[in-house]
Structures are given as structure tokens and as C-alpha cells.
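# Notes for the structure review
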Amino acid sequence: MTTPVGGVDRPDGAGLRGPLATAIHVSFYVLLATSTARYLTYHGVSGRFVVVVALIAALAALYTVTAVVARREGVWEPWVWPVLTTWAVLVWLAPSFAWCAFPMFFLCTRAYPSRIAYPVVGVLAVLTSVAFFTFSGRTEWAVLVGPLCTGALIVMAYSQIERDGRERVRLLRQVAETRSRLAETEREAGVLAERERLSREIHDTVTQGLTSSLLRLEAAEQIWAQADPRTEERAREDVRVATGTLRENLAETRSLVHHLAAPNLESQPLDTALLAAARTHHPRAELRIVGTPIAIPAEVTHALLRITQSAVSNIARHAHAETVGVTLTYLPDAVALDIFDDGTGFDPAPTGSPSARGGYGLRAMRSRVEQLGGTFTVESAPGEGTVVAAQIPCSRGTAA
């Protein structure tokens, strides 16, 4: 943030407040007191004593008002002109007070923008040099050049400070804008990731279950159309399985809406959940466990369940397989899931765009596994069946 002063942006706190302002005030009053003592030492109470004392009191009062107003965060800059004018008159009458010029240099640079402050400091430096040269008996040329050099150094130093301050403000603004853009990018990425996750959840649960139920109901309708009593029981079995699948999908939908969590994983072992998910789509599916079962993270078990549901659903819809096997293997630092069938197979190389007839399942499975740092492969060929393999890393925990 910046505070505009006289048309120039200055960093906040660049007014007459803070440690530097305190140092300026202290040095002013000390120099004013020592200049007064010097004047009394050399001139006593004769001559212009009354006028000089009145100017000293006026200068001290005006400077005090300026300091108090600035500390209370009021508009103090206009008070600097009476201070400078009173001090100039005082120096003209009593050159001993030229020593107060050095706090005045800083006061000007703090009060006004550079286009005003620097010329004023130059005028003050010339007046101070003339005053020093006068009371030195016009013999010490160093006192004539000293205030000019000091004023120039103060102007150059404060100009550099102003440039550094503006650059710091610019960099802070740039950092703030970068952070804002980064936060917006992260928010958009989070929204896209959440949409992707929800699409996978819906595909692996509701879509697959509804597709399986539809296939069974269509098969039952064709069997009933044959009016063959020998196949009636088979049709009834398909209807019962479809009805059960629809009930499960209703529960899945409610779970997605309310909790977006895998169903039944909290209340049953992983192998039981995998076998139930596989047999929902292929009643003759079998499960094999290799290795010692261990406790694995919830997100991994959730992914394994969804992959099983999606893969076996694809088998039931497209492969016309007689045998479906699911193998769950516990490795030292990972868990592997292999789903194989003896169906018609396919060429896994082409990756067409998802459509209403399918094409999303393998993409969703691969994305789910890769997000957990795992690997996903598909091995198949026309007429030779299919193997879908997923391996997800997980640390070995307590034996389940």
C-alpha cells in the first residue's frame, strides 16, 4: 500500500513518524538549545536579544505543533512552511542558529515530494553556508562548502531510499498478484479434479450397475418372449438379480450424494467387498488372495473396489466370458489387483473418445490408479481374453 503525497506515491509510514522522526525531533531541539547557548555566549542580552528570543520561542512552538499533529496522524505538512520561514528569519538575524539546518533538511524530505523538497533543501543549504561563512569571519571556506555537500548527500540518499521504497512496493504488489493468480489456478484445478473424481465415481457405480441391470432385464424379456417353461426360471433369476442390482445402485447413489464414500468397506473385509462387487455383474466370478492380508489405506481399498466394479461390468457387457477371476496380491510395499477373463478380447491400442456406448471405463480406472501413484496395464487381443492389472503402492501395516 502507498500514500500519495503531493502527487508522488510514498510507502506507508514515510511521514513524520517512527524512529527516524524521533531522531529528527531530538536533534532539532538539541541543536536549538546549543545554538541559543552559543548566541548568549557571544552576544549576551544586548542588541536584538528580545527579537531573537521571540523567534526562538515561535520556532520551538511551531515545530512542537508540527510534531504533535504528525504523531496523531493529522495533516502536518502545511505546518512545515511556517517552521522554515521562522528559522530562516532567525538565521538571518543570528547565524548561530544555522546549525538547526540539518534536521530541517530531513524535515523537508519527509514532508514534501522530491520536486518540491529538493529545491527547498538546496535553498536551505545555501542559506546555511552563507550563515556559517559569516560568523566564521569569512575566512573558513570549508564551512561554506560543508552545508552544500551535506544537503546534496541528504537529497541523494533520500532519493535512493524513495526509489528502493517504490521498487519494494512494486515487488510486493507483483507477489500479491502472483499469489492471487496462483490461488485462482489452484481453485480451478481443484474444481476440475473434483469433477473428474465424481465422474469416475458415477461411472464405476451407478452407470455400471444400471447397465448390468438393463442387460439382465432385456435377457429376461427375450426369454419370456420364447414362452418356453423350461427357461422361465432362468428369466426369473435374471429379474431377481437385476432387482438386487438396482437396490444396490440406489444405495450407491445415496452414498455418493451424502458421503461420496465406498459402500460397505467399513463393515466387511476387502476380499468380501471385491467378490460381491464382481458377482454383481458376473455371478460366476471367483476371487483369489495371494500373500498375507494387511491393513491398507481407505483410498486404496476404495480404488480397488471401483476398479473391480468397472472391469467386471465391462466383461459382462462386451466379453461374453465364461470365466472371470479376480486376484488380490499383497506385496511388501504395494497391493496388486488382477482381473482376467476368457472372453472375446479386444485390441487395447486404440483409444477412442468416450461416448454413450462406452469407452470411459479404462480411462477412469487408469486415472484413479495413477492419482494414487500406481501403475495400470491392460493386456488383451481379439479372441484371447483380457487381463486388467493395477498395482498401487502402500506401506505395510498391521496384519488384517
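Position numbers for residues count from 1 along each chain, tracking the sequence in the order it is written. Local features in this predicted model are restricted to residues of pLDDT 70 or higher, and side-chain atom pairs are both shown and tallied only at a pLDDT of 80 or more, whereas totals for entire chains, interfaces and linings draw on every residue. As a convention, hydrogens and water are excluded, and side-chain values are obtained from all of the structure's heavy atoms.

## Focus on the overall build of the protein chain
The helix and strand tally for the protein chain stands at ten helices and seven strands. Contacts are residue-level and defined by heavy atoms, with any inter-residue pair within 4.5 Å sufficient. Counting only contacts in the protein chain whose residues sit at least 6 apart along the sequence, the fraction spanning at least 24 positions is 69%. In this description a helix means any DSSP run of H or I spanning at least four residues, a strand means any run of E spanning at least two, and both kinds are numbered starting from the N terminus.

## Describing the environment of S367
Here S367 is to be found in helix α10 (residues 361-371). The rule is simple: take the accessible area with a 1.4 Å probe, protein chains only, and divide by the maximum for that residue type; under 20% is buried, over 50% is exposed, in between is partly exposed. By relative accessible area, S367 is classed as buried at 18%. Each C-alpha atom, one on S367 and one on E196, is 9.1 Å from the other, the two residues being 171 residues apart in sequence.

## So, the UniProt feature "transmembrane region" (unreviewed entry) in the protein chain
Listed under "transmembrane region" (unreviewed entry) in the UniProt record, and renumbered for this structure, are residues 20-37, 49-69, 89-109, 116-135 and 141-161. In residues 49-69, the share of helix is 100% and the share of strand is 0%. The end C-alpha atoms are 30 Å apart. Between the C-alpha atoms that bound residues 89-109 there is a distance of 21 Å. The span itself is 67% helix and 0% strand. UniProt positions are given in the numbering used here, feature names are shortened, and annotations may be inferred rather than shown by experiment.

## Remarks on the packing of aromatic side chains
Think of it this way: a Phe, Tyr or Trp ring, Trp meaning its six-membered ring, pairs with another when their centres are within 6.5 Å, and the plane angle makes it stacked under 30 degrees, edge-to-face over 60, tilted otherwise. All chains considered together, the criterion is met by four aromatic pairs. With a centroid separation of 5.4 Å and 70° between ring planes, the pair formed by F28 and Y29 is classed as edge-to-face. Ring centres of F28 and Y63 lie 4.0 Å apart, and the angle between their planes is 15°; on these two criteria the pair is classed as stacked. On the criterion of sequence distance, the pair formed by F28 in helix α1 (residues 19-43) and Y63 in helix α2 (residues 49-71) is long-range, its members being 35 residues apart. Residues F28 and Y63 agree in their burial class; the two are buried. Through successive ring pairs, a cluster of aromatic residues spans F28, Y29 and Y63.

## Structural notes on the pattern of salt bridges
Pairing is possible between side chains of opposite charge, provided their charged atoms come close. Only one rule defines a salt bridge in this text: a Lys or Arg side-chain nitrogen within 4 Å of an Asp or Glu carboxyl oxygen. Under the defined criterion, the tally for this structure stands at three salt bridges. Put simply, R284 and E322 hold a salt bridge, and the shortest N to O gap is 3.7 Å. Here E322 lies in the loop between α9 (298-319) and β4 (324-330) and R284 lies in the loop between α8 (270-281) and β3 (286-290), a separation of 38 residues in the sequence.

## A short note on unusual backbone geometry
Phi is positive for H320, close to 55°, though the residue is something other than glycine. Within the secondary structure, H320 is located in the loop between α9 and β4.

## A short note on the sheet that holds β4
Reading across the sheet, the five strands line up as β3-β4-β5-β7-β6 and stay open at both edges, with mixed pairing between neighbours. The open sheet has two edge strands, β3 and β6 (375-380), and neither has a second partner. On average, adjacent strands in this sheet sit at an angle of 15° to one another, irrespective of strand direction. The criterion for strand pairing is that DSSP finds at least two bridges linking the strands in question. Bridge analysis of β4 against strand β5 (residues 334-341) gives seven bridges, and the strand direction is antiparallel. Residue pairing across strands places V324 opposite D341, the latter belonging to β5. Interaxial angles span 0 to 180 degrees and are taken between N-to-C directions of axes, which are lines fitted to C-alpha atoms, for helices over the stretch in contact. Its contacts with the sheet place α8 against β3, β4 and β5, and it is angled at close to 155° to β3. Running over the sheet, α9 touches β4, β5 and β7 (386-393) and is turned about 10° from β5.

## Some points on the packing of α9 against α10
Running from N to C, α9 and α10 cross one another at 165°; their axes reach a closest spacing of 10 Å. Classified by the interaxial angle, the pair formed by α9 and α10 is roughly antiparallel. Between α9 and α10 lies a crossing of left-handed hand. Here α9 contributes H302, A303, R306, I307, S310, A311 and N314 to the contact with α10, which in turn contributes G361, M365, R368 and V369. Residues were grouped as follows: Ala, Val, Leu, Ile, Met, Phe, Trp, Tyr, Cys and Pro as nonpolar; Asp, Glu, Lys and Arg as charged; and all remaining residues, including Gly, as polar. In terms of residue class, the contact of α9 with α10 is built from five nonpolar, four polar and two charged. Throughout this description, any angle smaller than 35 degrees is read as roughly parallel, any larger than 145 degrees as roughly antiparallel, any in the 65 to 115 degree range as roughly perpendicular, and the remainder as oblique. The hand of a helix crossing depends on one turn: near helix anticlockwise from the far one by less than a right angle means left-handed, and clockwise means right-handed.

## With respect to the nonpolar core
Among soluble globular proteins, nonpolar side chains are generally buried collectively. Definition used in this section: a nonpolar core is a set of buried Ala, Val, Leu, Ile, Met, Phe, Trp, Tyr and Cys residues joined via side-chain atoms within 4.5 Å. L59, W87, F97, M104 and L124 are the most contacted members of the largest nonpolar core, which has 38 residues in total. Broken down by secondary-structure element, the contributors of at least two residues to this core are α1, α2, α3 (80-93), α4 (101-111), α5 (114-135) and α6 (142-225). Beyond its immediate sequence surroundings of up to four residues, L124 is in contact with L84, W87, M104, F105 and C108. Counting residues in each nonpolar core, the second largest holds 33 residues, with A303, L304, V324 and L337 among its members.

## Observations concerning the packing of α1 against α4
Where α1 meets α4, the axes come as close as 9 Å, and the angle between the chain directions of the two elements is 145°. The chirality of how α1 crosses α4 is left-handed. Residue-level inspection shows L20, I24, S27, F28 and L31 of α1 in contact with α4, the latter providing P103, M104, F106 and R110. For the contact of α1 with α4, a count of residues per class yields seven nonpolar, one polar and one charged.

## With respect to a nonpolar patch on the surface
Residues L210, L217 and L246 make up a contiguous nonpolar surface patch of roughly 230 Å² in combined accessible area. Inspection of the secondary structure puts L246 in helix α7 (residues 229-258). Like-charged residues within 9 Å of one another, or nonpolar side chains (Val, Leu, Ile, Met, Phe, Trp, Tyr) within 5 Å, are grouped into patches, provided each residue has over 30% relative accessible area and no salt bridge. Each accessible area is a Shrake-Rupley result for a 1.4 Å probe, and residues are judged covered by the shown protein chains and nothing else.

## Focus: the pairing of β6
The alternating pattern of β6 places F376, V378 and S380 on a buried face and T375, T377 and E379 on a face that is not buried. In this sheet, β7 lies alongside β6 in antiparallel orientation, the contact comprising six bridges. When the bridges of β7 are listed, T377 appears paired with A389.

## Considering the environment of A117
For A117, the position within the fold is in helix α5. In this structure, the C-alpha to C-alpha distance between A117 and F106, residues eleven residues apart in sequence, is 9.4 Å. Other than its neighbours up to four places away in sequence, A117 contacts C108, T109 and Y112.

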